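# Structure assessment
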Amino acid sequence: MVTVGSVVLGASDVARAAAFWGEALGYVPREDAQDGRVVLVPGGGGGGGGGGGGVQIALGCSETPVQERPRVHLDLYAGDAAEQAAEIERLVGLGAQRVEWDGYPEDPDFVVLADTEGNRFCVIETSHG
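The model shown is predicted, which means the values in this text are computed figures rather than measured ones.

### Points about the sheet that holds strand β6 (residues 97-98)
- The strand order across the open sheet built from 4 strands is β5-β8-β7-β6, with neighbouring strands paired in mixed fashion. The outermost strands of the open sheet, each flanked by one partner alone, are β5 (74-78) and β6.
- With 5 bridges connecting them, β5 and strand β8 (residues 120-125) associate as parallel partners. Each bridged residue has a counterpart across the sheet, and for alanine 78 the counterpart in β8 is glutamate 125.
- Here helix α2 (residues 81-94) sits on the sheet and contacts β5, β6, β7 (110-114) and β8; the angle it forms with β8, its principal contact strand, is near 155 degrees.

Below is the structure:
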C-alpha cells in the first residue's frame, strides 16, 4: 500500500513560499534548497520527518499560473470559531491574502485564503455544526 509522501506546491519564489509555510505550519526545511526545490517537514528537527507529525510540503519552482479554482488544495483545521479567526489573522499577518470566493455555502465552516504565491487553501472550523 502506498502512502502520501508530500503535498507539492508550485511557487515562483520558493524561498518566500518556504518562509510562509514554515511559519504557518511550524515546519522546517528537511535539507537546504536545491535546484529551486525545498521539502518542509514538521518542526522538531530535520531528517526523516521532524517531531510534530503531519505530511511533508514540497515547494518547487513553477511558472504555471495559479488556478482560481484549484482541483487540489490544503485544508488547515481549527478547533472552533475563535481559533479559526485567530489563525486566519495570524496567516494574513504572515502574508496570506483573503480570497473573494463565490462558492461559499449558506453557513460555511471554511474560509478561503491564498498563500504568498497565490495558491489557495482553506481554514476549516472543525467544530462547526
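On we go from here.
### Looking at helix α1 (residues 14-25)
- The end-to-end C-alpha distance of α1 is 16 Å, a good match for the 16 Å that 12 residues give at a rise of 1.5 Å each.
- Looking only at α1, the buried set comprises Val14, Ala17, Ala18, Phe20, Trp21, Gly22 and Ala24.
- Glycine 26, located one to two residues past α1, shows a positive phi value of around 70 degrees.

### What about the pairing of β7?
- Of all 5 residues in β7, 4 are buried; the element is thus mostly enclosed.
- By the bridge criterion, 5 bridges tie β7 to β8 in an arrangement that is antiparallel. In the strand pairing of β8, phenylalanine 110 is matched with isoleucine 124.
- Taking the residues between adjacent antiparallel strands as the criterion, β7 and β8 are bridged by 5 residues, where glycine 118 takes a positive phi near 90 degrees.

### Quick notes on the layout of surface pockets
- Computed from the structure, the largest pocket encloses a volume of approximately 380 Å³.
- What lines the largest pocket is a set of 19 residues, among which Leu9, Gly10, Val66, Gln67 and Asn119 lie closest to the centre.
- The leading source of residues in the lining of the largest pocket is strand β1 (residues 6-11), at 5 residues.
- Split into classes, the residues belonging to the lining of the largest pocket amount to 9 nonpolar, 7 polar and 3 charged.

About the cut-offs
- Residues numbered from 1 in each chain as written.
- Predicted model: local features only at pLDDT ≥ 70, side-chain atom pairs only at ≥ 80, totals over all residues.
- Heavy atoms only, no water.
- Pairing = 2+ DSSP bridges.
- Helix = DSSP H or I, 4+ residues; strand = E, 2+ residues; numbered from the N terminus.
- Contact = heavy atoms within 4.5 Å.
- Axes fitted to C-alpha atoms, helices over the stretch in contact; angles between N-to-C directions.
- Expected span 1.5 Å × (residues − 1).
- Buried < 20%, exposed > 50% of the residue type's maximum accessible area, 1.4 Å probe, protein only.
- 1 Å grid on protein atoms, 1.4 Å probe; cavity = no way out; pocket = protein on both sides within 12 Å on 5 of 7 lines; lining within 4 Å.
- Points joined across faces, edges and corners; volume = space filled by probe spheres on them.
- Nonpolar A, V, L, I, M, F, W, Y, C, P; charged D, E, K, R; others polar.

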